[in-house]
Amino acid sequence: MCRVACLVALIVLMSPSAHALDNGLALKPTMGWLHWERFLCNIDCDRDPNNCISERLYMQMADVMVKEGWKEAGYEYVCIDDCWPSHQRDAQGRLQADPKRFPGGIKKLADYVHSKGLKLGIYADVGKNTCAGYPGSLGYYETDAKTFADWDVDLLKFDGCYMDWTLVGEGYVNMSNALNKTGKSILYSCEWPLYEWPFQKPNYTAIRETCNHWRNFGDVYDSWSSIKSILDWTASHQDIIVPSAGPGGWNDPDMLVIGNFGLSHAQQESQMALWAIMAAPLLMSNDLRDICPRSKELLQNRLIIAISQDPMGQQGYRSVKVDNFEVWERPLSKKRLAIAVLNMFEIGGPRGFFIRAVPGWKICEPQCNVTQILPQYKELGVQMPHTKLDVFVNPSGTALLTVTPISGDFTGLHKLHWEESVKRKHTIL
Ligand SMILES: *[C@@H]1O[C@H](CO)[C@@H](O)[C@H](O)[C@H]1NC(C)=O
Ligand SMILES: *[C@@H]1O[C@H](CO)[C@@H](O)[C@H](O)[C@H]1NC(C)=O
Ligand SMILES: *[C@@H]1O[C@H](CO)[C@@H](O)[C@H](O)[C@H]1NC(C)=O
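Okay, so let's go over this structure. (Residues numbered from 1 in each chain as written. Chains lettered and ligands numbered in written order. Predicted model: local features only at pLDDT ≥ 70, side-chain atom pairs only at ≥ 80, totals over all residues. Heavy atoms only, no water.)

**A few points about helix α5 (residues 105-115)**
- By the burial criterion, the buried members of α5 are G105, I106, L109, A110 and V113.
- Those residues of α5 hidden inside the fold are in contact with α3 (55-67), β2 (77-79) and β3 (119-125).
- Trailing α5 by a residue or two, G117 shows a phi angle of about 80°, which is positive. (Buried < 20%, exposed > 50% of the residue type's maximum accessible area, 1.4 Å probe, protein only. Helix = DSSP H or I, 4+ residues; strand = E, 2+ residues; numbered from the N terminus. Contact = heavy atoms within 4.5 Å.)

Structure, rendered in structure tokens:
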């Protein structure tokens, strides 16, 4: 039964996406590396020279990204997070890098990263201070935008600490305008909705017009409970946030923590699969200089990256929650569908799930070709709607598949599929 909330959701879903920020960037979810989750605000270079926030860290990451196949796999942005600047602006009121940790300055670092064929990201804050207490950009939006453009920086992560929440939106819009005014296209990563949700429902039309991606929810931690909380938040707000994603602008569930300490391999597979389904930016926060081969292989898996970077750019969604399984689906170009089946039962061994119980499975009419990508690559071959195909999923792991219809007329099926999955959300869940 479709009640009022459901009807409203349907209307929103069927209306065309709002206009994206027109800077020509983020036509596919951003891929790269960002220091925060792994390296935090480690500024003690005397004690920990290899891991402190310094120009060396980004130069070494850029080197490894080229040498170890990351760039070739699509990871492009090397991003600085908080704690890079000096505590004082210079005599002209400009931000400056900490002189001890960035002796060459940011411009030289950008040149170095560009010489490797990669791009450099930087971090600032819409308010009075950054979250770690460095100078914020409030009152300096145009100055800071111009400084970043002069340095030839390619991406700005703009945080939302130390800001009156009623001015958060205005601040993000003003910085977006200031970046535009520089004449240089700078990818603009916002946290506008994250800082507004506690007080009011954010205006995603305005956010999409202003930012290339936007954080909705708290920081990711190196733990399965953190990944689960992000998935849960996303699924429970999908009617609002999924329609706002598309080429030029994306929901950002925060960094990939694959290759660190807190996730089992099955859980790492779940994060990779679900970040691809969610059309999320793939910004790794790990130590690429020292990463286990299995994590590396997972992060560089071309088939999962192809789902993430699908040109249609529609974000996936949770379509069903049953028997401690969650099914997530993402419609892909050429009428294909990606399916992720998560086993949320954190005890026992692998459990079977009948693939025909996936709501989107109807695209298999009259027949389809199925490829399993996780936990291992397997051609499952030609299937029919009433197949008895079972996929086995490890506890807290994910089976990831793509379904390609073989023949028939599928016009309008994706749209239908959306409608029905929304209906289902409001009846079954
Ligand atoms: C600035 O905005 C205008 C209008 O939206 C757009 O056409 C132009 O490409 C933008 N320039 C940059 C550098 O983002
Ligand atoms: C944004 O820009 C407008 C127009 O210049 C200005 O009135 C307003 O104070 C600015 N808001 C913030 C938060 O900077
Ligand atoms: C949301 O933002 C859009 C674009 O800026 C604006 O046209 C619309 O009126 C806003 N909606 C609400 C409810 O404020």
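The discussion continues.
**Quick word on the sheet that holds strand β11 (residues 337-343)**
- As summarised here, the arrangement of the six strands in space is β9-β10-β11-β16-β13-β14, forming an open sheet in which the pairing is antiparallel. A strand with exactly one partner marks an edge of an open sheet, and here the two such strands are β9 (317-322) and β14 (378-383). Each adjacent strand pair in this sheet contributes to an overall mean axis angle of 20°, direction not counted.
- In this structure, strand β10 (residues 325-331) lies alongside β11, joined through seven bridges in antiparallel fashion. Bridged to E326 within β11 is L342.
- Set on the sheet, helix α10 (residues 224-236) makes contact with β9, β10 and β11; between it and β10 the angle comes to about 60°.
- Lying on the sheet, helix α12 (residues 265-277) is in contact with β9, β10, β11, β13 (368-374) and β16 (398-405); it crosses β16 at an angle near 35°. (Pairing = 2+ DSSP bridges. Axes fitted to C-alpha atoms, helices over the stretch in contact; angles between N-to-C directions.)

**Brief notes about the site of ligand 2**
- Taken together, Y141, M163, E170, G171 and N174 form the complete shell of residues around ligand 2.
- In this structure, a nitrogen atom belonging to ligand 2 sits 2.7 Å away from a side-chain N or O atom of E170.
- Surface burial for ligand 2 is 43%, taken as the share of its 360 Å² of free accessible area covered by protein chains.
- Considering each element in turn, the shell around ligand 2 owes the most residues, three residues, to helix α7 (residues 168-181).
- Split by residue class, the shell around ligand 2 holds two nonpolar, two polar and one charged. (Near = heavy atom within 4 Å. Polar contact = N/O pair within 3.5 Å; in protein donor to acceptor, adjacent residues only side chain to side chain. Areas by Shrake-Rupley, 256 points an atom, 1.4 Å probe, with all protein chains shown as cover. Nonpolar A, V, L, I, M, F, W, Y, C, P; charged D, E, K, R; others polar.)

**Some details on the pattern of salt bridges**
- Overall, the coordinates contain 23 salt bridges when judged by the stated rule.
- Residue D144 is joined to R89 by a salt bridge in which the shortest nitrogen-to-oxygen separation is 2.9 Å. With D144 in helix α6 (residues 141-150) and R89 in the loop between β2 and α5, this residue pair connects regions lying 55 residues apart in the sequence. Here D144 and R89 have matching classes, each one buried.
- Measuring nitrogen to oxygen at the nearest pair gives 3.0 Å for the salt bridge that ties E142 to K181. Within this pair, whereas E142 is found in helix α6, its partner K181 is found in helix α7, the two being separated by 39 residues in sequence. (Salt bridge = Lys/Arg side-chain N within 4 Å of Asp/Glu carboxyl O.)

**A few points about the packing of aromatic side chains**
- The final tally for this structure, using the stated rule, is 17 aromatic pairs.
- Geometrically, the ring pair formed by W70 and Y75 is edge-to-face, given 5.7 Å between the ring centres and 70° between the ring planes.
- Given the relative accessible area of 0%, Y75 is considered buried.
- Ring geometry for F217 versus W233: centroids 5.7 Å apart, planes at 25°, classification stacked. Placement of F217 in the loop between β6 (213-215) and α10 and of W233 in helix α10 is noted, with a sequence separation of 16 residues between them.
- F217 gets classed as partly exposed once you look at its relative accessible area, which sits at 28%. (Phe/Tyr/Trp six-rings, centres within 6.5 Å; stacked < 30°, edge-to-face > 60°.)

**Considering the site of ligand 3**
- All residues in the neighbourhood of ligand 3 are listed as N203, A206 and E209.
- Between an oxygen atom of ligand 3 and a side-chain N or O atom of N203, the distance comes to 2.3 Å.
- Starting from 360 Å² of accessible surface for ligand 3 in isolation, the protein chains cover 30%.

**Some points on the packing of α10 against α12**
- With their axes 11 Å apart at the nearest point, α10 and α12 run at an angle of 25° to one another. Here α12 runs roughly parallel to α10, going by the angle between their axes. As for how α10 packs across α12, the hand of that crossing is left-handed. Residue-level contacts link W224, I227, I230 and L231 of α10 to Q267, S270, Q271, L274 and W275 of α12.
- Among the residues making up the contact of α10 with α12, the classes are represented as six nonpolar, three polar and no charged. (Parallel < 35°, antiparallel > 145°, perpendicular 65-115°, else oblique. Left-handed = near helix turned anticlockwise from the far one by under 90°.)

**Comments concerning the side chain of D144**
- Note on D144: relative accessible area 0%, which makes it buried.
- There is a polar contact of 2.9 Å between the side chain of D144 and the side chain of R89.
- In this structure, D144 is in contact with R89, L95, G136, S137 and M175, ignoring residues within four places of it in sequence.

**Some words on the nonpolar core**
- Counting residues in hydrophobic clusters, the biggest one holds 105 residues, and the most contacted among them are Y75 and W84.
- Of the residues that make up this core, three or more belong to each of domain 1 (2-308) and domain 2 (317-428).
- Apart from residues no more than four positions distant in its own chain, W84 is found in contact with I53, L95, Q96, A97, D98, R101, F102, I106, I122, Y123, F148 and W151.
- In this structure, F325, I339, L380 and L401 belong to the second largest nonpolar core, which totals 21 residues. (Core = buried A, V, L, I, M, F, W, Y, C linked by side-chain atoms within 4.5 Å. Domains from an automatic or database assignment.)

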